[in-house]
Amino acid sequence: MTTCVVVRKGDEVAIAADALVTFGDTRLSRAYERNQKVIPVGESFVALAGTTAHFPVMRALLTGMGDECRLMTRDDVFRTFLKVHEKLKNEYFINTKEDEDDPYESSQIVCLIANPGGIFGVYSYREVFSFDRFWGIGSGRNYALGAMHAVYDRPELGAGDIARIGVDAGIEFDKSSAGPIDVHTVKILAAPHETPQQPGGAATNKDDAA
């Protein structure tokens, strides 16, 4: 599994993830393979949790959608993931069944999104959440949420700092998470009465050891 988080604070959003892949009891760390759980997609960053099969599929699918891939608002994310679901079925042969009483076909995808429009979470049935502060996914999620809650209001910490603290807590306590930590920060769009920043113009990428 994994620890992935998104954070929004002030004029900044951040997304972060650990770098461990597991095969049952076997661990494949960054020392052996360039595991990358955060995918750049245009002005957005998308972090995935779940089976490793999702990563090449979603990287190819989202980056190949071009202008059809719109992730800047909650409604945009929902409409985009409806198209993603169709492509997952028709082009990538996803198994859409989870339980006998499923209300909808499952996309089998859990992910977080950060971009100049905010921070979002997407779950299996295309449920889309727009978060005001922070959230996490993966097996280390609960540790990350507790750590981020504890430090969120500290004025000296920005969104990237809080995201790193969250993933670091997951790495400390979750057996299926390990460093290094990938952190990406983006300036959010200005409010309508302000002069907008250039979308994605202030994005920074960091690769920090846990």
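Here's a quick rundown of the structure.

Conventions adopted
For every chain, the first residue of the written sequence is number 1, and numbering continues from 1 along that sequence. Local features in this predicted model are restricted to residues whose pLDDT is 70 or higher, and side-chain atom pairs enter the listing and the counts only when it is 80 or higher, whereas totals over whole chains, interfaces and linings include all residues. Where side-chain values are given, they derive from all heavy atoms of the structure, hydrogens and water being excluded. One speaks of a salt bridge when a side-chain nitrogen belonging to Lys or Arg is within 4 Å of a carboxyl oxygen belonging to Asp or Glu. Under the scheme used here, helices are H or I runs from DSSP no shorter than 4 residues and strands are E runs no shorter than 2 residues, and both carry numbers assigned from the N terminus. Partly exposed describes any residue whose relative accessible area lies between the buried limit of under 20% and the exposed limit of over 50%, with all areas from a 1.4 Å probe on protein chains only and scaled to the type maximum. We call two residues contacting when some pair of their heavy atoms lies within 4.5 Å. As used in this structure description, the phrase polar contact means that two N or O atoms lie within 3.5 Å; if the pair is within protein, one of them must be able to donate a hydrogen and the other to accept it, and residues adjacent in sequence are counted only when both atoms belong to side chains. In this analysis an axis means a line fitted to C-alpha atoms, helices contributing only their contacting stretch, and an angle means the value between N-to-C directions, from 0 to 180 degrees. In these notes the angle categories are as follows: under 35 degrees is roughly parallel, over 145 is roughly antiparallel, 65 to 115 is roughly perpendicular, and the rest is oblique. Crossing handedness: left-handed means the near helix sits turned counterclockwise from the far one by under a right angle, and right-handed means the same turn made clockwise. In this count, Pro and Cys sit with the nonpolar residues alongside Ala, Val, Leu, Ile, Met, Phe, Trp and Tyr, while Asp, Glu, Lys and Arg are called charged and the others, Gly among them, polar.

### With respect to the pattern of salt bridges
Here comes step 1: Taken as a whole, this structure holds nine salt bridges when the rule is applied.
Here comes step 2: Residue aspartate 11 is joined to lysine 187 by a salt bridge in which the shortest nitrogen-to-oxygen separation is 3.5 Å. On the criterion of sequence distance, the pair formed by aspartate 11 in the loop between strand E1 (4-9) and strand E2 (12-17) and lysine 187 in strand E11 (residues 181-187) is long-range, its members being 176 residues apart.
Here comes step 3: Overall, the relative accessible area of 28% leaves lysine 187 in the partly exposed class.

### Points about the environment of glutamine 108
Here comes step 1: With respect to the secondary-structure elements, glutamine 108 resides in the loop between helix H2 (74-90) and strand E7 (110-115).
Here comes step 2: Between the alpha carbons of glutamine 108 and alanine 147 there is a distance of 28 Å; along the sequence they are 39 residues apart.
Here comes step 3: Apart from residues no more than four positions distant in its own chain, glutamine 108 is found in contact with His54, Ile94, Asn95, Thr96, Lys97, Glu98 and Ser124.
Here comes step 4: Among the polar contacts made by the side chain of glutamine 108, one reaches the main-chain carbonyl oxygen of asparagine 95 at a distance of 2.8 Å.

### Section: the packing of helix H1 (residues 54-64) against H2
To characterise two packed helices, one gives the angle between the axes of the helices and the distance between these axes.
Here comes step 1: For the pair H1 and H2, the least separation of the axes is 11 Å and the interaxial angle reads 120°. The pairing of H1 with H2 is recorded here as oblique in orientation. In terms of crossing hand, the pair formed by H1 and H2 is right-handed. Contacts between H1 and H2 pair Val57, Met58, Leu61 and Leu62 from the former with Phe81, Val84, Lys87 and Leu88 from the latter.
Here comes step 2: Its residues assigned to classes, the contact of H1 with H2 comprises seven nonpolar, no polar and one charged.

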